[in-house]
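Residues per chain are reported as follows:
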Amino acid sequence: AYTYLRLVKGKNMTSINDVTTIEKDGNISIITLNSPPVNALSAPVREGLHKGISEARNDKETEAIVIICEGRTFIAGADISEFGKEPKGPSLFEVQEFIEDSDKPVIAAIHGTALGGGLEVALTCHYRIAVPSAKCGLPEVNLGLLPGAGGTQRLPRVVGVEKALQMVTSGQHVPAKQCLEMGLVDEISNEDNLRQDSISFAKKIVSENRPLVKISEMNDKVEAARGNENIFKDFRASIARKARGFLAPEYNIQCIEAAVNKSFTEGIKVERKLFMELVTGTQSAAQRYAFFAQRQVAKIPDIEPDTEIKPFTSIGVIGAGTMGGGISMNFANVGIPVTIIEQSQERLDKGLGIIRKNYENTANKGRITFEDVEKRTKLINGSTDINDLSNCDLIIEAVFENMDLKKDIFKTLDGIAKKGTILATNTSALDVNEIAAVTSRPEDVIGLHFFSPANVMRLLEIVRGEKTSKSVVATSMKMAKNIGKVAAVVGVCPGFVGNRILAQRQREANKLILEGAMPWEVDDALFNFGFPMGPFAMSDLAGLDIGWDEDLSTGDTLRDKLCEAGRLGQKTGKGFYIYDENRNKSPDEEVEKLIIEFSEKHQIKRREISKEEILERCLYPMINEGFKILEEGMAIRASDIDIVWINGYGWPIYEGGPMFYGQLIGYDKILKWHKEMEEKFGPDFTPSPYLEKVVNEKINLFG
Ligand code: 3HC
Ligand code: NAI
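Residues numbered from 1 in each chain as written. Chains lettered and ligands numbered in written order. Predicted model: local features only at pLDDT ≥ 70, side-chain atom pairs only at ≥ 80, totals over all residues. Heavy atoms only, no water.

Asks: How should I be thinking about the overall build of the protein in this particular structure?
Replies: Across its full length, the protein carries 28 helices and 20 strands. Taken against the 2.2 N^0.38 rule, which gives 27 Å for 703 residues, the C-alpha radius of gyration of the protein at 29 Å falls within 12% of a compact globule. Expressed as lengths along the three principal axes of its C-alpha atoms, the size of the protein is roughly 90 × 60 × 55 Å. Residue burial in the protein is summarised as follows: out of 703 residues, 54% are buried. Within the structure as shown, the protein displays about 31,500 Å² of accessible surface, and the carbon and sulfur contribution to it stands at 50%. Looking at the protein, you have 86 positive and 100 negative side-chain charges, and the mean spots of the two groups are 3 Å apart. (Helix = DSSP H or I, 4+ residues; strand = E, 2+ residues; numbered from the N terminus. Rg over C-alpha atoms; globule rule 2.2 N^0.38 Å. Buried < 20%, exposed > 50% of the residue type's maximum accessible area, 1.4 Å probe, protein only. Areas by Shrake-Rupley, 256 points an atom, 1.4 Å probe, with all protein chains shown as cover. Lys, Arg positive; Asp, Glu negative; His and termini not counted. Charge placed at Lys NZ, Arg CZ, Asp CG, Glu CD.)

Right under this line is the structure:
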């Protein structure tokens, strides 16, 4: 259920400013905010609220005040685009004080989402009523912030310390029913009647002479936790893994600690101070940037909003291997039936078995029910006859990475798929145009590059071929959204955007270990930067033998040596690292010896390599490659590249992605570094001409 409130103009309604109206219903004044898209607390909204409350407070007949919003949602927070700019109009604090100090009860009427500053405004109201589909939350942590308008001090006073800790560090949106149980809202209205129900609720408060509840004065719950250090110790431990590298979760916890140990007024001071530190820091700047980048990536400049969206209600997947299985699960998860084709019954059974096992594991962890397992597996049907795909709306090929095989399959699909079917390939490196060219309908062919594990990873690269139609691109974007992916449109080039940039890091990492660093030193530097793991740990996880052939191995590369020694990675208990039975890795002397011998054999003089150099060598060439990608038009905008790396490769969001990070370092510095490195070590470091142009002409990539 989703409520969209539309304002019915009453005869008593007057305008306060462009985004605010006030109206009377007997002894109740109703202030309505209407600032699309999400009623964020911009200067006019704050001003409208302030003036509206003032008018209602001064009005003799008014005995209670309702704050309600028009459109898709209650106030969804501070206006993020205002951060860092000169503040205008009344501050949020002034507005909140004015609400809380009102001698007439103020009631927040919530639909959609009351988030961040929006919930903080609602918490200064004396009562809250919400529609059943509404959600409340303090998601500031996801922007590298903390609730800076009293949220950290008021929330624990209502819901208790544990729940408050959980909410502010996860940013979770809590459904209305749960809010009612926690005391965060006082009343649930009818889904379609919030306006009328909130007025009735306000009248009831007046007639029953209910008290003016000021949350700032409710101390029972915070006092109950005073002196109990373990709450915080245990909580910190419970989120340590997820919060690694981020400042905001810890700052949020410190604010809740202040709520417990200090008075409301002193707690607010702590909140204010820590908020200011975060809002002026680079982590939050990066996370706010990523928030907008994630919305921007969905916008394709030459695709008009009215572009035809094709149906995608039946899906075909070819290949029930690692990718095909994961891809199919995405559709079954949202109730869309899938037919998977394999080359033999045996492989099909194996693939379907793995899918079932994956679902069962999720159910065992309590994330879905066993009923869901049955429902979803029933939606995935197998076949060994490709003709069974003839009626599908969308067919995704995920067979071995082999051009001839893929061409054969696309030729077959061209013959059997109904007119208008989208024909997609999940290739990670092959030329999508070449694949499209074997069909009579290249306009229907597209690359849908999922990432492994495909049912988990959020990124989808949508590879737009030379002839791919706009409708096929637009439909792919829509499909991606429906299955919960973050999709970026990229062009046809080796490795597309993500893997093309990854190749730069891999090349330098491989060189570094021959020049003097050990794999664990390279991995540590990148892990400490914020990546979930370094390149060598990642290779061990994936398996060093991917794409390696024992018969063709020449022993010329370190990988050949490792594989020849049976060190295939985690699956054989050793690769670049050695693993214990719990898959915990440790450095291994044997590898160290192998690497040193290898350096000697190739007459590379080993030397001490600092952490800083490792980071520069691994990260700067990635940024340079990003410029080449932009120059060739293979990504639409710099921020799309960042979205690819944040969602597909674990680039820490608080570092904003390679292009944002490059700007923080200074593109001029990156250019200079490349020029010096090019002179000493050659073309691996040749700077992109576009990087030079951006530096020389001071172009703003994010403007
Ligand atoms: N400020 C400015 N713009 C915002 C915004 C905000 N708080 N929230 C959303 N928008 C914009 C989006 O950028 C987008 O713009 P676009 O159409 O030009 O791309 C538009 O509103 C619609 O947003 P979505 O596409 O995200 O719409 P959805 O319906 O999918 O989601 C939402 C709606 C759940 C409200 C989601 O937008 C959201 O999570 N917003 C951010 C909420 C938030 O983080 N609030 C806390 C802000 S910080 C704060 O309040 C500090 C305070 O403690 C002092
Ligand atoms: P896989 O080897 O696990 O699975 C491929 C499956 O295709 C096998 O089960 C095989 O039996 C089946 N198959 C082969 N020929 C077939 C045919 N003619 N008809 C029906 N089924 C056939 O390979 P994986 O890893 O799933 O890769 C598939 C594709 O996805 C490749 O193009 C790969 O490059 C790409 N990819 C792989 C990623 C990964 O991390 N594994 C990530 C992104 C893309």
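Asks: Please clarify how unusual backbone geometry should be interpreted in this entry.
Replies: Glycine aside, negative phi is the norm for most residues, and most peptide bonds take the trans geometry. With an omega of 0°, the peptide bond between Pro-36 and Pro-37 qualifies as cis. Examined against the element boundaries, Pro-37 turns out to sit in the loop between strand 3 (28-33) and helix 1 (43-58). In the segment running from Ser-452 into Pro-453, the intervening peptide bond is cis, with an omega of -10°. Within the element layout of this structure, Pro-453 appears in the loop between strand 16 (445-450) and strand 17 (459-463). Even without being glycine, Asn-209 reaches a positive phi, approximately 55°.

Asks: Which parts of the structure should I look at to understand the packing of helix 14 (residues 345-364) against helix 15 (residues 370-379)?
Replies: Think of two packed helices as two axes; the pair is described by the angle between the axes and how far apart they sit. The geometry of helix 14 relative to helix 15 is characterised by a closest axis approach of 9 Å and an angle of 160° between their N-to-C directions. Comparing their axes, helix 15 and helix 14 come out roughly antiparallel. For helix 14 against helix 15, the interelement crossing comes out right-handed. Counted together, Arg-356, Tyr-359, Glu-360, Ala-363 and Asn-364 of helix 14 and Phe-370, Val-373, Glu-374, Arg-376 and Thr-377 of helix 15 form the full contact between these two elements. Partitioned by chemical class, the residues of the contact of helix 14 with helix 15 number 4 nonpolar, 2 polar and 4 charged. (Axes fitted to C-alpha atoms, helices over the stretch in contact; angles between N-to-C directions. Parallel < 35°, antiparallel > 145°, perpendicular 65-115°, else oblique. Left-handed = near helix turned anticlockwise from the far one by under 90°. Contact = heavy atoms within 4.5 Å. Nonpolar A, V, L, I, M, F, W, Y, C, P; charged D, E, K, R; others polar.)

Asks: Sorry, what's going on with the pairing of strand 16 here?
Replies: For a regular strand, the rule is simple: side chains alternate between the two faces of the sheet. Counting buried positions along strand 16 gives 6 out of 6 residues, so the element sits mostly inside the fold. Side chains Val-445, Gly-447 and His-449 of strand 16 all project onto a buried face; the interleaved residues Ile-446, Leu-448 and Phe-450 project onto the opposite face, where all are buried too. Two elements, strand 15 (residues 422-425) and strand 16, share 3 bridges in a ladder whose sense is parallel. By the bridge assignment for strand 16, Thr-425 is matched with Gly-447. Viewed along the sheet, the connection from strand 15 through helix 17 (residues 432-437) into strand 16 turns out right-handed. Strand direction decides the pairing type here: strand 16 and strand 17, joined by 4 bridges, are antiparallel. Bridged to Phe-450 within strand 17 is Leu-460. (Pairing = 2+ DSSP bridges. Right-handed = clockwise from strand over helix to strand, strands pointing away.)

Asks: Explanation requested: the site of ligand 2 in the structure shown.
Replies: Around ligand 2 sit 22 residues in total, of which Met-323, Glu-342, Glu-401, Lys-406 and Ser-428 are the nearest. One of the side-chain N or O atoms of Glu-342 is found 2.4 Å from an oxygen atom in ligand 2. Within the side chain of Asn-426, one N or O atom sits 2.9 Å away from an oxygen atom of ligand 2. Look at ligand 2: alone it shows 820 Å² of surface, and the protein chains cover 79% of it. Every element with two or more residues in the shell around ligand 2 is listed here: helix 13 (322-333), helix 16 (403-416) and strand 16. With 3 residues, the top contributor of residues to the shell around ligand 2 is helix 16. Across the shell around ligand 2, the residue classes tally to 9 nonpolar, 9 polar and 4 charged. (Near = heavy atom within 4 Å. Polar contact = N/O pair within 3.5 Å; in protein donor to acceptor, adjacent residues only side chain to side chain.)

Asks: Any chance you could explain the packing of helix 13 against helix 14 here in plain terms?
Replies: Remark: helix 13 packs on helix 14, axes separated minimally by 10 Å, with the N-to-C direction vectors making an angle of 55°. Taken as axis vectors, helix 13 and helix 14 run oblique relative to one another. Relative to helix 14, helix 13 is oriented so that their crossing is right-handed. Between helix 13 and helix 14, the residues in contact are Gly-325, Met-329, Ala-332 and Asn-333 and Ile-355, Asn-358 and Tyr-359, respectively. A class-by-class count of the residues in the contact of helix 13 with helix 14 yields 4 nonpolar, 3 polar and no charged.

Asks: Any chance you could explain the sheet that holds strand 9 (residues 174-175) here in plain terms?
Replies: Sheet strands associate in pairs through backbone hydrogen bonding, adopting either a parallel or an antiparallel arrangement. Strand order in the open sheet formed by 3 strands is 6-8-9, and the pairing between neighbours is mixed. Looking at which strands have only one partner, the edges of the open sheet turn out to be strand 6 (113-115) and strand 9. This element, helix 3 (residues 117-124), spans strand 6 and strand 8 (135-137) of the sheet and lies at about 90° to strand 6.

Asks: I'm lost on a negative patch on the surface in this one. Help?
Replies: Taken together, the side chains of Glu-521, Asp-524, Glu-589, Glu-592 and Glu-608 make up a negatively charged region of the molecular surface. Of all elements in the fold, only helix 20 (519-529) and helix 23 (589-601) reach the threshold of two or more residues within the negative patch. Tracing the chain through its elements places Glu-521 in helix 20. (Patch = residues over 30% accessible without salt bridge, like charges linked within 9 Å, V, L, I, M, F, W, Y side chains within 5 Å. Salt bridge = Lys/Arg side-chain N within 4 Å of Asp/Glu carboxyl O.)

Asks: I tried to follow the sheet that holds strand 12 (residues 338-341) on my own but got confused; where do I start?
Replies: Reading across from one edge, 13-12-11-14-15-16-17-18 is the order of the 8 strands in this open sheet, with mixed pairing throughout. A strand with exactly one partner marks an edge of an open sheet, and here the two such strands are strand 13 (380-383) and strand 18 (486-490). Pairs of neighbouring strands in the sheet enclose a mean axial angle of 25°, with direction left out of account. Running at roughly 170° to strand 15, helix 16 makes contact with strand 11 (315-318), strand 14 (394-397), strand 15 and strand 16 of the sheet.

Asks: Can you walk me through the pattern of salt bridges in this structure?
Replies: Close approach of charged atoms allows side chains with opposite charge to pair. The full count for this structure, using the stated rule, is 43 salt bridges. For Asp-101, the salt bridge is made with Lys-214, and the minimal N-O distance between the two is 3.4 Å. One end of the pair, Asp-101, is in the loop between helix 2 (92-100) and strand 5 (106-110); the other, Lys-214, is in the loop between helix 7 (194-207) and helix 8 (220-225), with 113 residues separating them in the sequence. Assessed through its relative accessible area of 23%, Lys-214 is described here as partly exposed. When the shortest N-O distance is used, the salt bridge between Arg-607 and Glu-515 registers 3.2 Å. With Arg-607 in the loop between helix 23 and helix 24 (611-631) and Glu-515 in helix 19 (residues 498-515), this pair connects stretches of sequence that are 92 residues apart. On the basis of relative accessible area, Arg-607 is assigned to the partly exposed category, the value being 36%.

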